[in-house]
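# Structural features, examined
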Amino acid sequence: MSKKKRPKLKVKLNMDMLKRPFLLIAVTLAIVIIGLGIPKVLLSLQTRQAALPKGEVAMDEIQPYGADIIEMEAAVIGSIRAQGNIYEHNDYTYLDTLVADPPGTKTATAANLYSELDLKDRSRKDLVNEFYYEAYSLVQSTFGGALPGTVTISTIADPMDNSRNVILITDGTSNYAILDPSTGVPVDMMIEVVNQSVPDLDAFWNDLADLYADYLGISFFVNDEDNRYYDWNGDYDSWYTNSALTSDEQLELYVYISSGWYWTPPEYEGDDWHSTDSYVWSIEFSLYEN
């Protein structure tokens, strides 16, 4: 019995149908490659050495602060120059005359936190009190003593430039402060305190620098050990200095602190000076134009 051969089936492939998914995949890959490649090529062309702009910029022309800070710095520098002229005027005796007999009649009181000065930047909501109050409070909390109950406010003209004025604060003693009228920040402040302890002078310096930075809106670099000097003789005499520059190096904050053995004056005729167990501290801090 013969077997009948079954005819072979022929499968006809539709090439058009097969091409479509491959074409879609190829187009998609091409779009992705182009989308990733073109920006990279353009960036490479723009960053080539030959494509970079030519020229140089002086470092001192790069300003780290805005126009408001630059304007404020200019005003403070003007007050620093006025303070220097006042100090040097009349063979260095003019400031002593002003402190001994201040020409002003306006006063400010500790009870009102010396708000009568009305110098702090009213646009700064973070500044609660006048700088003079904050600075004197820092001295009082560190070295002891008490805030002066009443101070006299005098407006003093630069003896070399009548267009510039500073504010002189006196408290009836040798203590004084010369304030920049645009910010209320002291360009020079001198306080003498008597107490029986030796405070942390580095902590005071750091707090003082932070206070200036807060009110001026400028950072000070305060941790340069090369600027620090401290000498203590193991008894009552000591000397401490420190300084810091602003980040744009336009202003320098300087502090000088010294101590000595405090003696009380004679109480009656023929009496002598009497030694005590107290220190007399002299604290002075100033701003300088760098």
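Notes on the structure follow. (Residues numbered from 1 in each chain as written. Predicted model: local features only at pLDDT ≥ 70, side-chain atom pairs only at ≥ 80, totals over all residues. Heavy atoms only, no water.)

Let us now look at the nonpolar core. Of all hydrophobic cores here, the largest spans 65 residues; its most connected members are Tyr132, Phe204, Tyr212, Leu216 and Phe285. Per-element tally for this core: the top contributor is helix 5 (residues 201-216), with nine residues. Residues within four places of leucine 216 in sequence aside, it is in contact with Ile69, Met72, Val76, Thr183, Val185, Leu251 and Leu287. (Core = buried A, V, L, I, M, F, W, Y, C linked by side-chain atoms within 4.5 Å. Buried < 20%, exposed > 50% of the residue type's maximum accessible area, 1.4 Å probe, protein only. Helix = DSSP H or I, 4+ residues; strand = E, 2+ residues; numbered from the N terminus. Contact = heavy atoms within 4.5 Å.)

Let us now look at the packing of aromatic side chains. The tally for this structure, following the rule as stated, stands at 16 aromatic pairs. Judged by centre distance (4.7 Å) and plane angle (50°), the ring pair of tyrosine 236 and tyrosine 279 falls under tilted. On the criterion of sequence distance, the pair formed by tyrosine 236 in the loop between strand 7 (229-232) and strand 8 (238-246) and tyrosine 279 in strand 10 (residues 274-289) is long-range, its members being 43 residues apart. Using a relative accessible area of 14% as the deciding quantity, one classes tyrosine 236 as buried. For tyrosine 279, a relative accessible area of 11% translates into the label buried. Judged by centre distance (5.1 Å) and plane angle (65°), the ring pair of tryptophan 261 and tryptophan 263 falls under edge-to-face. What makes tryptophan 261 partly exposed here is its relative accessible area of 39%. (Phe/Tyr/Trp six-rings, centres within 6.5 Å; stacked < 30°, edge-to-face > 60°.)

On to the packing of helix 4 (residues 131-143) against helix 5, then. At a minimum axis separation of 11 Å, helix 4 and helix 5 run at an interaxial angle of 170°. Between helix 4 and helix 5, the angle falls in the class roughly antiparallel. Residues Phe131, Glu134, Ala135, Leu138, Val139, Thr142 and Phe143 of helix 4 pack against Leu201, Phe204, Asp207, Leu208, Leu211, Tyr212 and Tyr215 of helix 5. For the contact of helix 4 with helix 5, the per-class residue count stands at eleven nonpolar, one polar and two charged. (Axes fitted to C-alpha atoms, helices over the stretch in contact; angles between N-to-C directions. Parallel < 35°, antiparallel > 145°, perpendicular 65-115°, else oblique. Nonpolar A, V, L, I, M, F, W, Y, C, P; charged D, E, K, R; others polar.)

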